[in-house]
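Below are the chains, spelled out letter by letter.
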Amino acid sequence: MSRMITLLAAALMAVSLPAFAETRIGVVDLRQALFSSDEAKAFSETLQKDFAGEEARVREAQEAARKLQERLQKDGAMMNETERNELTGQFQQKVQEFNMLKQRLDSTVAQRKQQFLENARPEVDAAVKELLEENNLDLILPSEAVVYVKPEMNLTSQLLEKLNR
């Protein structure tokens, strides 16, 4: 019985190996291609311009908190308790302001990036499908799922070209 199972398994492998050998697989680094595209670069510049004011406010709050902390460390021992408590309160308030501004900025930027990715998805999908057909491939895998790929099967640069047209 064991011998029959072994023979059956060997026969199945022999039948499936030719089919596997004919499968053509390409690999792309979607993240690299997308974020290197002209559209992504323009988006990044727009993002920096749109949020320059908010970034400046975050830096200002951070700098104000740093100065208050330095003053507390430097002069805190010489201050009376009321002054020290007042300065500590100001420092904590600036830290909270910084955290709130930073969190709001990070959240807004993340939402804009996610929106960009969602808007770019149909274009990326179409470009990947073109690559599949042009290279007569059966499958395209993301580079993160591959341990090694022959350089000629890495289609990332071709994908980038398609995204930039």
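For clarity, every value in this text was computed on a predicted model and none was experimentally measured.

## Notes on the overall build of the chain
So, point 1. Summing up its helical and strand segments, the chain has six helices and two strands in all.
So, point 2. Moving toward the C terminus, one meets the helices and strands of the chain in the order α-β-α-α-α-α-β-α.
So, point 3. Taking all 165 residues of the chain together, the buried fraction comes to 22%.
So, point 4. Pairs at least 24 apart in sequence give 81% of the contacts found in the chain among residues at least 6 apart.
So, point 5. As displayed, the chain has an accessible area near 12,200 Å², and 54% of this comes from carbon and sulfur atoms.

## Remarks on the side chain of Lys 162
So, point 1. Following the sequence through the fold, Lys 162 ends up in helix α6 (residues 156-164).
So, point 2. A polar contact is formed between the side chain of Lys 162 and the side chain of Glu 130, at a distance of 3.4 Å.
So, point 3. Look past the residues within four positions of Lys 162 in its chain and what remains in contact with it is Ala 127, Glu 130, Leu 131 and Glu 134.

## Quick word on the confidence of the model for the chain
So, point 1. Here the chain averages 88 in pLDDT, and 87% of its residues register 70 or above.
So, point 2. Per-residue pLDDT stays below 50 along residues 2-12; that stretch engages in zero contacts with residues further than four places along the chain or on separate chains.

## Side note on empty space enclosed by the protein
So, point 1. Applying the stated rule across the entire model yields one cavity of 30 Å³ or more.
So, point 2. Taken as a whole, the largest cavity encloses approximately 40 Å³ of empty space.
So, point 3. In this structure, the largest cavity is lined by Leu 34, Ser 37, Glu 39, Ala 120, Glu 123, Val 124 and Leu 163.

## Section: the pattern of salt bridges
Pairing is possible between side chains that carry opposite charge, provided their charged atoms lie close to one another.
So, point 1. Scanning all chains against the criterion turns up 10 salt bridges.
So, point 2. A single salt-bridge network, built from bridges that share partners, covers Glu 130, Glu 134, Lys 162 and Arg 165.

## Here's the deal with the nonpolar core
So, point 1. Core analysis: the largest hydrophobic core is formed by 24 residues, its most contacted members being Val 28, Leu 131, Ile 140, Leu 155, Leu 159 and Leu 163.
So, point 2. Broken down by secondary-structure element, the contributors of at least two residues to this core are α2 (30-36), α3 (38-50), α4 (52-75), α5 (81-134) and α6.
So, point 3. Here this core gets nine residues from one element, more than from any other, and that element is α5.
So, point 4. Discounting residues that sit within four places of it in the chain, Ile 140 has contacts with Gly 26, Val 28, Val 128, Leu 131, Leu 132 and Leu 155.
So, point 5. Among the nonpolar cores identified, the runner-up in size contains six residues, and Leu 68, Leu 72, Leu 87 and Phe 91 belong to it.

## Focus: the environment of Val 58
So, point 1. Relative to the helices and strands, Val 58 resides in helix α4.
So, point 2. C-alpha of Val 58 to C-alpha of Phe 98: the two residues are 40 residues apart in sequence and 5.8 Å apart in space.

Calculation notes
- Residues numbered from 1 in each chain as written.
- Predicted model: local features only at pLDDT ≥ 70, side-chain atom pairs only at ≥ 80, totals over all residues.
- Heavy atoms only, no water.
- Helix = DSSP H or I, 4+ residues; strand = E, 2+ residues; numbered from the N terminus.
- Buried < 20%, exposed > 50% of the residue type's maximum accessible area, 1.4 Å probe, protein only.
- Contact = heavy atoms within 4.5 Å.
- Areas by Shrake-Rupley, 256 points an atom, 1.4 Å probe, with all protein chains shown as cover.
- Polar contact = N/O pair within 3.5 Å; in protein donor to acceptor, adjacent residues only side chain to side chain.
- pLDDT = per-residue confidence, 0-100.
- 1 Å grid on protein atoms, 1.4 Å probe; cavity = no way out; pocket = protein on both sides within 12 Å on 5 of 7 lines; lining within 4 Å.
- Points joined across faces, edges and corners; volume = space filled by probe spheres on them.
- Salt bridge = Lys/Arg side-chain N within 4 Å of Asp/Glu carboxyl O.
- Core = buried A, V, L, I, M, F, W, Y, C linked by side-chain atoms within 4.5 Å.

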